[in-house]
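Next come the chains, spelled out residue by residue.
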Amino acid sequence: MPDSQPQPPRPPSSSPGPGETSSLLLCGARLTDGRTVDVRLGGGRIEAVGTAGSLGGTRACGARVDLRGYLLLPAPAEPHAHADTALSADTEGPVSHEPQDVQRRATEAALLQLGHGATALRAHVRVGDVQGLGALAAVLQARRALRGLAELTTVAMPRVLTGVAGADGLAVLRDAVKMGASVVGGRPDLDPDPAGYVETVLEVASEHGCPVDLHTDAGDPARLARLAAMAGGLRPGVTLSPCGDLGRLPSEVATRTADQLAAAGVAVVCLPQGGCCGVDRRGTAPVRLLRAAGVRVAAGSGALRDVSNPVGRGDPLEAAFLLASRHGLSPEEAYEAVSSSARAVLGLPEVRVEAGFPAELLAVRGDRLAGALSLAYSRVVVHRGRVVARTSAVREYCSSSASVELGLPRQGRGQVS
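Conventions used here
- Here the residue numbers are simple positions, counted from 1 along each chain's written sequence.
- In keeping with the model being predicted, local features are shown solely for residues with a pLDDT of at least 70 and side-chain atom pairs are shown and tallied solely at 80 or more, while totals for entire chains, interfaces and linings include all residues.
- The basis for every side-chain value is the complete set of non-hydrogen atoms in the structure, without hydrogens or water.
- Only DSSP runs of H or I reaching four residues or more are called helices, and only runs of E reaching two or more are called strands; each is numbered from the N terminus.
- Each residue gets one of three labels from its accessible area relative to the maximum for its type: buried under 20%, exposed over 50%, partly exposed in between, using a 1.4 Å probe on protein chains only.
- The contact definition used throughout considers only heavy atoms, calling two residues in contact when any of these lie within 4.5 Å.
- By salt bridge we mean one thing: a side-chain nitrogen of Lys or Arg within 4 Å of a carboxyl oxygen of Asp or Glu.
- To define a nonpolar core, start from buried Ala, Val, Leu, Ile, Met, Phe, Trp, Tyr and Cys residues and group those joined through side-chain atoms within 4.5 Å.
- On a scale of 0 to 100, pLDDT captures the predictor's confidence in every residue.
- In a helix, the anticipated span is given by 1.5 Å times the number of residues less one.
- When we speak of the arc, we mean the arc of directions from the helix axis to the C-beta atoms.
- Strand pairing is defined by DSSP finding a minimum of two bridges between the two strands.
- The angle between two axes is taken between their N-to-C directions and runs from 0 to 180 degrees, where each axis is a line fitted to C-alpha atoms and a helix contributes only its stretch in contact.

Novice: Sorry if this is basic, but what is going on with the overall build of the protein here?
Specialist: Regarding its fold elements, the protein presents 12 helices and 16 strands. Relative to its full complement of 417 residues, the protein shows a buried share of 52%. Looking at the protein alone, contacts between residues at least 24 apart form 72% of all its contacts between residues at least 6 apart.

Structure, rendered in structure tokens:
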């Protein structure tokens, strides 16, 4: 019996290099509003969106990708990764922090997440202590190697910033920013003076015009209130994650804290797939309460197969699936958390499947968003207007009278023995 579904799309026969631009036509894709369209890309942006078959003759197009049977979405982004420790869970003995090992893991992890659809990633990297600046240098080298495939930015995370011991941490943090870390952060809860830690991070961020991204369980409402008061008005912004203990606070306390974060413009990145860096993996930030208060809520992956979560997948669509299945968000709200909200946290421009917007796109097999979040196995990833990753999944069943009688769709031509 021939396949009843279209074959996985083939990538363009000749893709341009990272610095080149070329026209690309995505044919027959379905949008979330039910339309079937062609989408023409050029110069890293969406040039035109028209009904299926309407754009092929408007101008000489370069390569074409057949997306019949696929749902076309704005690409997700990963706002919370740990590139320096990713893929280290199976390491025998202590995890190596040698620069070449960190660079290899960071590159492999970024490519894995790119295959899932994340064309932009923010990686938290520990600086100081044993690692010094070696891990950061290795991740920055991975960033350069990935240019044209994915955008990788780094957060410098010193351990201690206050007291006598904090002087070295502060010096390392300043050096990290000079080296190329574009975000400053860390875990204030581990410092003897959490408020002093936050104040120091905000000062360094203000000096250099950097965003701030801090790890916290968010179990101390008074500490969060002080943080919100200090962070209010800081541009380009402050992000907290994973904030799992916020959901364990009494309802009225959690609501008041969420209102304070919203008033200060502080964003929250939740980690529905698990925590990281020793942060408790059992709790997820109360996304509905935070959203109701007006807090921008994005979702990240957290640990990717390291000691904090040895089975972490690093898949933004799984994060969206969990937000919808466990936390009561609609499929649209859940996908927004890993796409538009995640991009906003990273300071990236909005993406829509409309002319003029950046060509950062993800095509997944299916015709509805809910189904895509449930069974998004086959994916085509577009970054800067060119296909940079493709995953094809084919499911095969052995022949049965039931499938023949009911006319059920089947992928694959071979027999399953």
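So, next bit.
Novice: It is not clear to me how the pattern of salt bridges should be interpreted in this structure. Could you clarify?
Specialist: Here the idea is simple: oppositely charged side chains can pair when their charged atoms come close. Throughout the structure, instances matching the rule amount to 16 salt bridges. Where Glu-151 meets Arg-384, a salt bridge forms, and the shortest distance between an N and an O atom there is 2.3 Å. On the criterion of sequence distance, the pair formed by Glu-151 in strand S8 (residues 151-158) and Arg-384 in the loop between strand S15 (379-383) and strand S16 (386-391) is long-range, its members being 233 residues apart. Relative accessible area serves as the criterion here: at 25%, Glu-151 is assigned to the partly exposed category. The shortest N-O distance in the salt bridge between Glu-207 and Arg-174 comes to 2.5 Å. With Glu-207 in helix H4 (residues 194-208) and Arg-174 in helix H3 (residues 163-179), this pair connects stretches of sequence that are 33 residues apart. Salt bridges sharing common partners tie together Asp-189, Asp-220 and Arg-223.

Novice: Explanation requested: the nonpolar core in the structure shown.
Specialist: Generally speaking, soluble globular proteins have nonpolar side chains that are buried together. Among the nonpolar cores identified, the biggest contains 80 residues, and Val-212 and Leu-290 are the most heavily contacted of them. Residues contacting Leu-290, with those up to four places away along its chain left out, are Leu-246, Ala-258, Leu-261, Val-268, Ala-285, Val-295 and Val-297. Of all hydrophobic cores here, the second largest spans 21 residues; its members include Ala-29, Ile-46, Leu-67 and Leu-72.

Novice: In this structure, what is going on with the confidence of the model for the protein? I would like to understand it.
Specialist: Interpreting fine coordinate detail is not advised for predicted regions of low pLDDT. Per-residue confidence for the protein gives a mean pLDDT of 88, with 88% of residues at or over 70. Note on residues 10-20: pLDDT under 50 across the span, and 17 contacts to partners over four residues away in sequence or across chains. Predicted confidence for residues 413-417 stays below pLDDT 50, and this span has eight contacts to residues more than four positions away or in other chains.

Novice: Just checking my understanding: could you explain helix H6 (residues 251-264) for this structure?
Specialist: Residues spaced three or four apart along an α-helix point in a common direction, a consequence of the helix completing one turn every 3.6 residues. Taking 1.5 Å as the rise per residue, H6 with 14 residues should run 20 Å; its terminal C-alpha atoms sit 20 Å apart, in good agreement. Listed in full, the buried residues belonging to H6 are Val-253, Ala-254, Thr-257, Ala-258, Leu-261 and Ala-264. With its buried residues spanning 135° around the axis, H6 presents them on a single face. Seen from the open side of H6, the exposed residues pointing more than 90 degrees away from its buried face are Ser-251, Glu-252 and Ala-263. Residues of H6 that are buried in the fold lie against helix H5 (221-231), strand S11 (238-242), strand S12 (267-270) and helix H7 (287-293). Phi turns positive one or two residues past the end of H6, at Gly-265, with a value near 75°.

Novice: It is not clear to me how the sheet that holds strand S10 (residues 212-216) should be interpreted in this structure. Could you clarify?
Specialist: Sheet strands line up and pair through hydrogen bonds in the backbone, either parallel or antiparallel. Reading across from one edge, S6-S7-S8-S9-S10-S11-S12-S13 is the order of the eight strands in this open sheet, with parallel pairing throughout. Two strands lie at the open edges of the sheet, namely strand S6 (78-81) and strand S13 (297-299), each paired on one side alone. Between one strand axis and the next, the sheet turns by 25° as a mean value, whatever way the strands run. The pairing of S12 with S13 spans three bridges and is parallel. Counterpart to Cys-270 in the pairing with S13 is Ala-299.

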